[in-house]
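Spelled out, the chains give:
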Amino acid sequence: MTETARHALPPAPVGDTHPYILFSVAGTTYGLRSHDVEHVEMIDQVTSVPNAPPCVEGVVFSRGHVVPVVNLRVRFGFDRRARDLRTRLLIVRHEGRRVGLMADEAREFIAIPDAAIRPPHEAVGGLSGNYLTGVATFNDRIVLILDTRDVIVSAALVAAP
Amino acid sequence: LPAVRLAALFGIATEPKRRLHAIVVGVDRAAIALLVDRIVGQREIVVKTITDPLIRVDGVSGATELGDGRLVLILDVMSLSRGLRTRTDGSVRDRTGTTSGVPA
């Protein structure tokens, strides 16, 4: 089952507003530019890959492609948790690669004005291994904006929890 | 014939078993026996090469889809048997004592 994000596009971004896919990992809401997300799907069966980096849950077959699955809980330093009906896989594309990011849930597609996004505090940015590009605050909510490239590229370097 | 527990090679903790299945691959001096838990079946497949660095690991060359959404990893026998010649972690047991170059 697939929840296609692109079909739900809001009116074209006006000025400096961009669409984001929001999802949660360990109680925190994160956002990825929807441009980077190909689609969001439910996870059925993940085939584990021996000797892969700790945050790599395994591989899945998605729309004709063999796609690695990065467990974002492990990627961000939290404990693994059993998958449930809310678990979602965000298939992101970056420089020809397709990588699945496993989140606790992903339910929102929202436009965030650039003005609502501030660069991450120096201390937080350092701790998070640079995968945060900013912190969005709007409607009494806080959303951490992720850098697709950093989440994927440095995934192999994350040690086991 | 050198016999290798695939689970040990892949760093998977398993219960010691009395019975394992051996799949003999390769020919002549390059032949090895891969010890596995269970033989599931035999079928013709289309192999999709694994290219993403996150899942490119030694001994696995590709994957195939079984038709029901499940992915099956395809072993790279050449790389597995090559890797064995340099391993010393005890996952290889030389049953015959005649093979040289393989850690016992």
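This text follows the structure it describes.
Residues numbered from 1 in each chain as written. Chains lettered and ligands numbered in written order. Predicted model: local features only at pLDDT ≥ 70, side-chain atom pairs only at ≥ 80, totals over all residues. Heavy atoms only, no water.

A.B. asks: How do you make sense of the environment of A22 of chain B when you look at a structure like this?
C.D. replies: All names here are of chain B. Along the chain, the position of A22 falls in strand β2 (residues 21-25). Look at A22 and you get partly exposed, because its relative accessible area is 49%. C-alpha of A22 to C-alpha of A33: the two residues are 11 residues apart in sequence and 5.6 Å apart in space. Those residues within four positions of A22 in sequence are excluded, and the remaining contacts are A33, L34 and L35. (Helix = DSSP H or I, 4+ residues; strand = E, 2+ residues; numbered from the N terminus. Buried < 20%, exposed > 50% of the residue type's maximum accessible area, 1.4 Å probe, protein only. Contact = heavy atoms within 4.5 Å.)

A.B. asks: For this particular structure, what's the right way to read the packing of aromatic side chains?
C.D. replies: Between two aromatic rings, the relevant description is the distance of the centres plus the angle of the planes. Residues and elements named next belong to chain A. For the structure on display, the rule yields three aromatic pairs over all chains. Ring centres of Y30 and F76 lie 4.9 Å apart, and the angle between their planes is 35 degrees; on these two criteria the pair is classed as tilted. Taken as a pair, Y30 in strand β3 (residues 28-33) and F76 in the loop between α1 (72-75) and β7 (88-94) lie far apart in primary sequence, 46 residues in all. Both residues of the pair, Y30 and F76, count as buried. Aromatic pair F76 and Y131: ring centres 4.6 Å apart, planes at 25 degrees, arrangement stacked. Taken together, the positions of F76 in the loop between α1 and β7 and Y131 in the loop between α2 (122-127) and β11 (132-138) put the pair 55 residues apart, joining distant regions of the chain. When its relative accessible area of 10% is taken as the criterion, F76 is described as buried. An aromatic cluster is defined as three or more aromatic residues linked by ring pairs; in this entry it consists of F23, Y30, F76 and Y131. (Phe/Tyr/Trp six-rings, centres within 6.5 Å; stacked < 30°, edge-to-face > 60°.)

A.B. asks: What's the story with the interface of chain B and chain A in this structure? I'm lost.
C.D. replies: Where interface size is quoted, it is often the accessible area lost as the parts come together. Facing the 17 residues of chain B at the interface are 23 residues of chain A. Here chain B meets chain A over a buried area of about 1600 Å², counting both sides, of which 72% is carbon and sulfur. Of all residues in chain B, L54, I55 and L71 of chain B give up the largest surface area on contact with chain A, accounting jointly for 41% of the area buried on that side. Our count for the contact surface shared by chain B and chain A stands at one salt bridge. Counting every contact that joins chain B to chain A gives three residue pairs in polar contact (both at pLDDT 80 or more). Those elements giving two or more residues to the side of chain B that touches chain A turn out to be β5 (60-65) and β6 (71-75) of chain B. Ranked by residue count, the leading element in the side of chain B that touches chain A is β5 of chain B, at three residues. Here the residues of the side of chain B that touches chain A sort into 11 nonpolar, two polar and four charged. (Buried area = accessible area lost by both parts, 1.4 Å probe. Salt bridge = Lys/Arg side-chain N within 4 Å of Asp/Glu carboxyl O. Polar contact = N/O pair within 3.5 Å; in protein donor to acceptor, adjacent residues only side chain to side chain. Nonpolar A, V, L, I, M, F, W, Y, C, P; charged D, E, K, R; others polar.)

A.B. asks: It is not clear to me how the pairing of strand β12 (residues 141-146) of chain A should be interpreted in this structure. Could you clarify?
C.D. replies: Regular strands place their side chains on alternate faces of the sheet. Residues and elements named next belong to chain A. Alignment of β3 against β12, held across two bridges, turns out to be parallel. By the bridge assignment for β12, G31 is matched with I145. Count of turn residues in the β11/β12 antiparallel hairpin: two residues, of which N139 carries a positive phi of about 45 degrees. (Pairing = 2+ DSSP bridges.)

A.B. asks: I keep staring at the nonpolar core and nothing clicks. Help me out?
C.D. replies: Nonpolar side chains tend toward joint burial in soluble globular proteins. Within the largest apolar cluster, 47 residues are counted, with the highest numbers of intra-cluster contacts made by F23, L32, V70, L72, L90, L101 and L146 of chain A. Counting residues in hydrophobic clusters, the runner-up holds nine residues, among them L22, I110, V143 and I145 of chain A. (Core = buried A, V, L, I, M, F, W, Y, C linked by side-chain atoms within 4.5 Å.)

A.B. asks: In this structure, what is going on with the pattern of salt bridges? I would like to understand it.
C.D. replies: One side chain can pair with another of opposite charge once the charged atoms of both are near each other. Evaluated as defined, the whole model comprises 13 salt bridges over all chains. A salt bridge links E57 of chain A to R80 of chain A; its shortest N-O distance comes to 3.1 Å. Here R80 of chain A lies in the loop between α1 and β7 and E57 of chain A lies in strand β5 (residues 56-62), a separation of 23 residues in the sequence. The partner of R97 of chain A in a salt bridge is D52 of chain B, with the nearest N and O atoms 2.8 Å apart. Taken together, the positions of R97 of chain A in strand β8 (residues 97-103) and D52 of chain B in the loop between β4 (48-49) and β5 put the pair across two chains. When sorted by exposure, R97 of chain A lands in the same class as D52 of chain B, which is buried. The network of salt bridges with common partners includes R73, R81, D84, R86 and D104 of chain A.

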